[in-house]
Amino acid sequence: MKFLCPSHELAPDSSRGFDIDGRKLFAVRREGRVYFYINRCPHRGVPLEWQPDRFLDTSASMIQCATHGALFLIESGECVAGPCAGQSLTPLPGREDAQGLWVQL
């Protein structure tokens, strides 16, 4: 597993992008859990963020693609609105422990 960051660097209801070994990914913290995904929209294959570390919509309740506004459920990565409805983000196995956030690539 690869270390991403200390836990305090991912605040509640926020997201953060990472580039690990040339792979772009991101993490989202929601309701005490952390979710990890490849940073690639299934519709166009482009990165999702609006600005660095900005993967969520204005309510911080959905992941949103900056290119065309597609909305994804944080818990599953499923697209529920937009041109890729029914498709999903690619999840990554990860965990959080006393040291921080870890992901398996």
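The rules behind the values
Residues numbered from 1 in each chain as written. Predicted model: local features only at pLDDT ≥ 70, side-chain atom pairs only at ≥ 80, totals over all residues. Heavy atoms only, no water. UniProt positions renumbered as here; feature names shortened; annotations may be inferred. Helix = DSSP H or I, 4+ residues; strand = E, 2+ residues; numbered from the N terminus. Polar contact = N/O pair within 3.5 Å; in protein donor to acceptor, adjacent residues only side chain to side chain. Contact = heavy atoms within 4.5 Å. Pairing = 2+ DSSP bridges. Axes fitted to C-alpha atoms, helices over the stretch in contact; angles between N-to-C directions.

## Description of the UniProt feature "domain: Rieske" (unreviewed entry) in the protein chain
Then step 1. According to UniProt, the feature "domain: Rieske" (unreviewed entry) maps to residues 2-103 in the numbering used here.
Then step 2. As annotated, residues 2-103 comprises 0% helix and 39% strand, and the C-alpha atoms at either end are separated by 5 Å.

## Brief notes about the side chain of S15
Then step 1. Mapped onto the elements, S15 comes out in strand β2 (residues 14-20).
Then step 2. A distance of 3.0 Å separates the side chain of S15 from the backbone oxygen of D53, its partner in a polar contact.
Then step 3. Within polar-contact distance, the side chain of S15 engages the backbone nitrogen of F55 at 3.1 Å.
Then step 4. Non-local contacts of S15, meaning those with residues more than four positions away in its chain, are made with L10, A27, V28, D53, R54, F55 and L56.

## Brief notes about the sheet that holds strand β9 (residues 101-103)
In a beta sheet, neighbouring strands pair by backbone hydrogen bonds and run either parallel or antiparallel.
Then step 1. Spatially, the three strands line up as an open sheet ordered β1-β9-β8, and their pairing is antiparallel. Taken across any chain shown, the strands that pair with only one partner, and hence form the sheet edges, are β1 (2-5) and β8 (94-96). Averaged over neighbouring strand pairs, the angle between their axes works out to 25° when direction is ignored.
Then step 2. Pairing between β8 and β9: three bridges, direction antiparallel. Following the sheet pairing, R95 is matched in β9 by W102.

## Quick word on unusual backbone geometry
Then step 1. A positive phi is found at D21, a non-glycine position, where the angle reads about 55°.
Then step 2. Mapped onto the secondary structure, D21 falls in the loop between β2 and β3 (23-30).

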